[in-house]
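Spelled out from the first residue to the last, the chains are:
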Amino acid sequence: MDEISISIEGACGIIRLTRPRAINALSADMIGAVRYALDEWDENEDVRAVLIEGEGEKGLCAGGDVRKTREMAMAGETRAVFSFFADEYDMNGLIATYRKPIVAFQHGIVMGGGIGISSHARYRIATPSSRFAMPEGAIGFFCDVGVNAILYQTSEARALAFLLSGQTIGAADAIALGLTDTVVPEEALAGLRGRVIEAAQAGDSDTAITALIQSVSVDAGEADFCGLADSLAQIFAASDVEKIVEGLLDYSEEGDPGAAALYASIARHCPTSLTAIVLSHRQARQKRDVRAILEDDLALARYMVMRPDFAEGVRAVLVDKDKTPKWEPARLADVDSAALERALGEAEALG
């Protein structure tokens, strides 16, 4: 398969995303190959650890192939669309609960599904070039791939600022959010790959990998985005997203540049997406279980992907690139919150 390479080197299973022109965006075939490999290696005692990496300088993975998903949704291929998300979330759950150590190299762009395929790993290694984001609000979707199973472990203000704004953050903030563990110099990554493969052969591969990572890690710097979120914690504690946005606007008008930047980002996003993001994140903070959170993601994805906002958002951002989506509804006050709650409730009923 041209899009992905699955191999074994020594005692280490290697998953290499090989679609660099698309920044390794995940197709259904790629997801299927990852799931199959992880299942096979789980039973193969000769494989002691797994490495996930991406080809190309631009990054590990820019997310799922939402263009293709949009095409299928617009063609009415409901079964294929739902299967894509079910398989992706199953892959996320496999990575999160895998009994053998998984190491993910998170260089460059790590967004959306890229976070899903890497941030659930046991060891996550970023570089100074790493850029993390969950930009789903800009395309009429919501922040899925079980990211809330990671973010419930940080403060709600930090999590919601990241999820609602879709802003891109560096490695220091990603560490503070729990999306990665450490930073290594860009030039060290190639040599680190071979050393991870060697560490997989150790009697205690976890100890060997941990020591290896610690030996090459460097200071990540200041987590400025998280610091901003902390300063606005009272706003993000509001009862619903409409009040959060109103609070950010009030601070913006009072001359707070950080609040103004967050407001500007959030105000452009799909109102239904913003509502779904807050509902799903707060529900995840109650469940605190990765599999249950992924079940909620699947139920909500089935609802969100078939709405006109998803096709419109992907069109505006990735197809026509005019950046002028027309959301339905266009105001937060008109969002059907009850429908979103019913969609999340379907996961409860199935669970």
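Sequence order as written defines residue numbering, which begins from 1 separately in each chain. Given that the model is predicted, a residue must reach a pLDDT of at least 70 before its local features are reported, and side-chain atom pairs must reach 80 or more before they are shown or counted; all residues, however, enter totals for whole chains, interfaces and linings. Hydrogens are left out, water is left out, and the side-chain values use all remaining heavy atoms of the structure.

A. Region of interest: the pattern of salt bridges. Salt bridges are counted wherever a side-chain nitrogen of Lys or Arg sits within 4 Å of a carboxyl oxygen of Asp or Glu. By the definition in use, this model includes 23 salt bridges. Arg 99 is paired through a salt bridge with Glu 45; the nearest N and O atoms lie 2.8 Å apart. Here Glu 45 lies in the loop between α1 (28-43) and β3 (49-54) and Arg 99 lies in the loop between α3 (78-97) and β5 (102-106), a separation of 54 residues in the sequence. Residue Arg 99 is classed as partly exposed on the basis of its relative accessible area, which comes to 47%. Segments assigned H or I by DSSP are reported as helices when at least four residues long, segments assigned E as strands when at least two residues long, and all are numbered from the N terminus. For each residue, the accessible area found with a 1.4 Å probe, counting protein chains only, is set against the maximum for its type, and the residue is called buried under 20%, exposed over 50%, and partly exposed in between.

B. Structural view of helix α2 (residues 66-74). Regarding α2, the residues found buried are Thr 69, Arg 70, Met 72 and Ala 73. Projection of α2 onto a plane perpendicular to its axis shows the buried side chains occupying an angular sector of 165°, all on one side. A positive phi of about 75° marks Gly 76, the residue just after α2. Read the arc as the range of directions from the helix axis to the C-beta atoms.

C. Spotlight on the packing of aromatic side chains. Under the pairing criterion, centres of Phe, Tyr and Trp rings, with the six-membered ring standing for Trp, must be within 6.5 Å; the plane angle then separates stacked pairs below 30 degrees from edge-to-face pairs above 60, leaving the rest tilted. Per the stated rule, a full pass over the model turns up 5 aromatic pairs. Note on Phe 141 and Phe 310: the rings are 5.6 Å apart at their centroids and 55° apart in plane angle, and the pair reads as tilted. Of this pair, Phe 141 sits in the loop between β8 (131-133) and α5 (147-151) while Phe 310 sits in helix α16 (residues 308-319), placing them 169 residues apart in sequence. Side by side, Phe 141 and Phe 310 carry an identical accessibility label, which is buried.

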